[in-house]
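So the chains spell out like this:
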Amino acid sequence: MASLHLSQSAEQQLQLAISGMSCASCVRRVEQALLKTAGVSAASVNLASEKAQVTASLATPVSSLIAAINKAGYKVATQEYELTIISMSCASCVGRVEKALLRLPGVMTASVNLATESAQVSVLSGNVDEAQLVAAIKQAGYEATPITAASASQRDEDNERRAVEQHHLKRDFSWALMLTLPVFILEMGSHLIPGMASWLEATLGQTLNWSIQGLLTTLVLLGPGRRFLTTGIPALWRRAPDMNSLVALGSLSAWGFSMLVLFAKDLLPRASQHVYFEAAAVIVTLILLGRFLEARAKGRTGEAIQGLVKLQVKSARLQKDGQTTEVPLNQVQVGDCLLVRPGERIPLDGTVQTGQSYVDESMLTGEPVPVEKTAGDALVGGTINKNGALTMLTTKVGQDTLLAQIIRMVEQAQGAKLPIQALVDKVTAVFVPIVMAVAVLTFVVWLWLGPSLSYALINGVAVLIIACPCAMGLATPTSIMVGTGRAAELGVLFRKGQALQSLRDTQVVALDKTGTLTKGQPELTDLQLSSAFADAGDDSVLALVAAVEQHSEHPIAKAIVAAAKARGLTLAEPTDFQSLSGLGVVANVAGHKVEVGADRYLNQLGYDLSVFFATGEQLATEGKSPLYAAIDGKLAAIIAVADPIKEGTPQAIDALHKLGLSVAMITGDNRHTAQAIAKQLGIDTVKAEVLPEGKVAAVKALREQYGAVAFVGDGINDAPALAEAEVGLAIGTGTDIAIEAAEVVLMSGDLRTVPNALAMSHATLRNIRQNLFWAFAYNACLIPVAAGILYPAFGILLSPMLAAGAMALSSVFVISNALRLKRFKPH
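Note that the structure is a prediction, hence the values are computed from the model and not measured.

Student: Would you mind going over the overall build of the protein with me for this structure?
Tutor: Check the secondary structure of the protein and you find 30 helices and 31 strands. Counting every position in the protein, which comprises 827 residues, the buried fraction comes to 53%. In the protein, 69% of the contacts between residues at least 6 apart in sequence involve partners at least 24 apart. Accessible area of the protein: about 36,300 Å², with a carbon and sulfur share of 57%.

Student: Can you walk me through the sheet that holds strand β14 (residues 357–360) in this structure?
Tutor: Within a sheet, each strand pairs with its neighbour through backbone hydrogen bonds, oriented either parallel or antiparallel. Spatially, β15-β14-β17 is the arrangement adopted by the 3 strands of the open sheet, whose pairing is antiparallel. Because the sheet does not close on itself, it has two edges, and the strands there are β15 (371–373) and β17 (384–385). By the bridge criterion, 2 bridges tie β14 to β17 in an arrangement that is antiparallel. Its bridge partner being in β17, V359 is matched across the sheet by N385.

Student: Got a minute to help me understand the packing of aromatic side chains in this structure?
Tutor: Aromatic rings considered in pairs are described by the distance between their centres and by the relative angle of their planes. Per the counting criterion, the structure on display carries 5 aromatic pairs. Judged by centre distance (6.4 Å) and plane angle (40 degrees), the rings of F612 and Y628 are tilted. You can see F612 sitting in the loop between α21 (599–604) and α22 (613–621) and its partner Y628 sitting in strand β25 (residues 625–631), a full 16 residues away along the chain. We classify F612 as buried; its relative accessible area is 1%. Look at Y628 and you get buried, because its relative accessible area is 7%.

Student: It is not clear to me how the pattern of salt bridges should be interpreted in this structure. Could you clarify?
Tutor: Once the charged atoms of two side chains with opposite charge are near each other, the side chains can pair. Applying the stated rule across the entire model yields 14 salt bridges. Of the charged contacts in the structure, one is a salt bridge between D172 and R227, with a shortest N-O distance of 2.9 Å. Linking D172 in helix α5 (residues 152–192) with R227 in helix α8 (residues 226–237), this pair joins segments that are 55 residues apart in sequence. For the residue pair D172 and R227, the accessibility class agrees, reading buried in each case. Through salt bridges with shared partners, one network takes in E165, R171, D172 and R227.

Student: Just checking my understanding: could you explain the sheet that holds strand β19 (residues 492–494) for this structure?
Tutor: On the basis of which strands lie adjacent, the open sheet formed by 7 strands has the order β19-β31-β30-β29-β20-β27-β28 and mixed pairing. Lying at the two open borders of the sheet, with one neighbouring strand each, are β19 and β28 (685–687). Sheet twist, expressed as the average angle between the axes of neighbouring strands with direction ignored, equals 20 degrees. Bridge count between strand β20 (residues 508–512) and strand β29 (residues 709–713): 4 bridges; the pairing is parallel. Following the sheet pairing, V509 is matched in β29 by A710.

Student: Explain the packing of helix α28 (residues 753–787) against helix α30 (residues 800–819) here, please?
Tutor: When two helices pack together, their arrangement is given by the angle between the helix axes and by the axis-to-axis distance. The N-to-C vectors of α28 and α30 enclose an angle of 170 degrees; their axes lie 9 Å apart at closest approach. Of the possible angle classes, the one that applies to α28 and α30 is roughly antiparallel. Within the contact between the two elements, α28 uses N767, Q770, N771, W774, Y778 and L782 and α30 uses A803, A806, M807, S810, F813, V814, N817 and A818.

Student: I'm lost on the side chain of S245 in this one. Help?
Tutor: Here S245 lies in helix α9 (residues 243–264). Within polar-contact distance, the side chain of S245 engages the backbone oxygen of G232 at 2.8 Å.

Student: Before we go on, may I ask you to explain unusual backbone geometry in this structure?
Tutor: If a residue is not glycine, its phi is most likely negative; likewise, a peptide bond is most likely trans. A positive phi angle, close to 55 degrees, is found at D321, a residue other than glycine. Within the secondary structure, D321 is located in the loop between β10 (315–320) and β11 (323–328). Since its relative accessible area comes to 76%, D321 is described here as exposed.

Student: Please clarify how the pairing of strand β7 (residues 107–113) should be interpreted in this entry.
Tutor: Of all 7 residues in β7, 6 are buried, a share of seventy percent or more. Two elements, β7 and strand β8 (residues 118–124), share 6 bridges in a ladder whose sense is antiparallel. Bridging across to β8, N113 finds its partner in S118. Hairpin connection between β7 and β8: a loop of 4 residues separates the two successive antiparallel strands, and E117 in this loop has a positive phi of roughly 55 degrees.

Student: Even after reading the chapter, I still don't get the UniProt feature "transmembrane region" (unreviewed entry) in the protein, so can you show me in this structure?
Tutor: Using the residue numbers shown here, the UniProt feature "transmembrane region" (unreviewed entry) corresponds to residues 175–196, 208–225, 246–263, 275–293, 427–449, 455–476, 772–791 and 797–819. Split by type, residues 208–225 is 83% helix and 0% strand. Its first and last C-alpha atoms lie 24 Å apart. From the first C-alpha to the last, residues 246–263 spans 26 Å; its make-up is 100% helix and 0% strand.

Student: Mind showing me how you'd approach α30 here?
Tutor: Between its first and last C-alpha, α30 extends 29 Å over 20 residues, near the 28 Å set by a 1.5 Å rise per residue. Of all 20 residues making up α30, 15 are buried, and the element is well covered by its neighbours.

The rules behind these values
- Residues numbered from 1 in each chain as written.
- Predicted model: local features only at pLDDT ≥ 70, side-chain atom pairs only at ≥ 80, totals over all residues.
- Heavy atoms only, no water.
- Helix = DSSP H or I, 4+ residues; strand = E, 2+ residues; numbered from the N terminus.
- Buried < 20%, exposed > 50% of the residue type's maximum accessible area, 1.4 Å probe, protein only.
- Contact = heavy atoms within 4.5 Å.
- Areas by Shrake-Rupley, 256 points an atom, 1.4 Å probe, with all protein chains shown as cover.
- Pairing = 2+ DSSP bridges.
- Phe/Tyr/Trp six-rings, centres within 6.5 Å; stacked < 30°, edge-to-face > 60°.
- Salt bridge = Lys/Arg side-chain N within 4 Å of Asp/Glu carboxyl O.
- Axes fitted to C-alpha atoms, helices over the stretch in contact; angles between N-to-C directions.
- Parallel < 35°, antiparallel > 145°, perpendicular 65-115°, else oblique.
- Polar contact = N/O pair within 3.5 Å; in protein donor to acceptor, adjacent residues only side chain to side chain.
- UniProt positions renumbered as here; feature names shortened; annotations may be inferred.
- Expected span 1.5 Å × (residues − 1).

Structure, rendered in structure tokens:
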């Protein structure tokens, strides 16, 4: 991402909206903080309007002003804008648009993405509006339109525009091909087909032959090739050349020289009297072919988003006043009752009011098995109702629905710039001017040392054409688009694209226990009767114990009651109920005195627990919490409750180890339980009995011990640790606060998606490195070849036609390589 950095000595006037000021001393504090900032010559703060007027040099970064105010204890309001940019063609265009945006006073950052054809701009509130951003982009030579809240209509317009552009490219290529083929045959046929040269000389003559080639090539340049001239030439006048400028210069040079030979060849040396109409025509045709293939391939990189958008239904069946009517989705409000028939998509987020069915949530979690839904269960818009009619109460509509949020997250991640892109930006900022300088130098050297003027021209043109930086600009964003899109299909949402790179550097994965490693819902796991109650049976003892526990709010009590109800047991109403905090409960049930609690409670009551000593020890080592029950003064049973390990957790830990990572557990539970679970799962490091505020310190300790930390959690108390870690991964079934603090969201809650996220990170970064190597190596190797470096030793020159073909194929190769990520298979 580019940030504001200008070296001019001129000054800029900025307005900062400041929150948190309450009195005159606040005003003075803010003013002093601003005046101490390097480059600020004046600062005036108004308490009533809560705004500061600042005069600073253009070289003063806006970020330094914000940092000074934040340090003083106040906040500066900012705004985020997103724009679609039309007619960018290469990495140089990206750099040019970013520079144009950053010149506007108040713009903090500007990130332009060639693959998504979009810009994300962060500005100081009140300084810049959308119209100014659009105007700045237009002045740089491009068209821009604001993106409004990622609406479906906006996406439809963008998709339609891209489809129209793809159609125009196909049409222009077809016309260019029809006009170029005769030129190619007339010129190259003479060299490739024996006897054709003499036949053409006898039939057409040299002048007519060249005239036909000149006319057809002129039609190619002024017809299908006009797009390069109308954008490339003005860019040259603005001293901001781009890929179109290189193509325009190359093709016009070959065409202009050939026209000179055709109409005034006596002005040139005899050795230079050759035409190169076929080079000019073939350059345009091949680059149009490359653009068309590139546009078609780029369309495939956005298939993940298009697939998500298609999940959004257009209408819903609204039930009101006893009638069911079909209404547009934008007319449904929170609290409305909707009917969902079997086989239909759930229209919006809500809860089941009546009915029972199975719902396919694979679009959300990546899991193919349908989930049973009954009254009170949550429904997510876009999922599929399989086999039963449901009525649902709407809880979220519009941009608040989970599907809309997922689409927004994926779009933001796809538009992000990774730190690795910084090198590309630096190179492409000066690439085109350097290429033009190399082309001029090539022309001059060949003119001085070469056999003829035509050699100088052809090699100069070859340098211009071979070096178009399209592949450089597409190398990173196309891989990010496909990688994040494929991850979303697997239930891994990268909220911030930068996490793709930082996740790759992870050395240790730290996991919260409750709700992450475990289900977060205690369950009855063991019930063993004493010999005195062996004939009574499990159900009768459990019914008495659960009857007592049904008045307790403790999670363990709820687990016992739930187990009894799951067995269909009838629970009597207890009397004389007493709860002893930290010990247990006692009550009378159906004429029986029932006492339930921890070992220390029943020891206090005088019961001998030695008969269950071995069992209790074994349960404790398994990470379970043992309880004891006595009925009518006799020890009746040992009961174990545990928070069960989530399905897939052992495989996830094993997969992380196979990736070469260490695994740690951070939990507030007691050390013995934590150690037991860690031993069971093969976890390397345990930090137990950690209070919520201590989780940040635990993450820091792990960083010192291992290196970069990825933390996985689901609760409110995990949010600080998620923010502290290099990468925070939130379980999607967890709290909103945890999800907001994380960079990656695991939608299914299945820990097996953690190694999938890490593997996707590695695969995407590997793909980016391959693309960047190809883009840079291609230019580094072929520019010298195009300049003629191999001619003295081997007599090899690179034809401008071959240069155009190679340039077009380089972009197609980069995008095709990125599309391989669509075939990524989860571990």
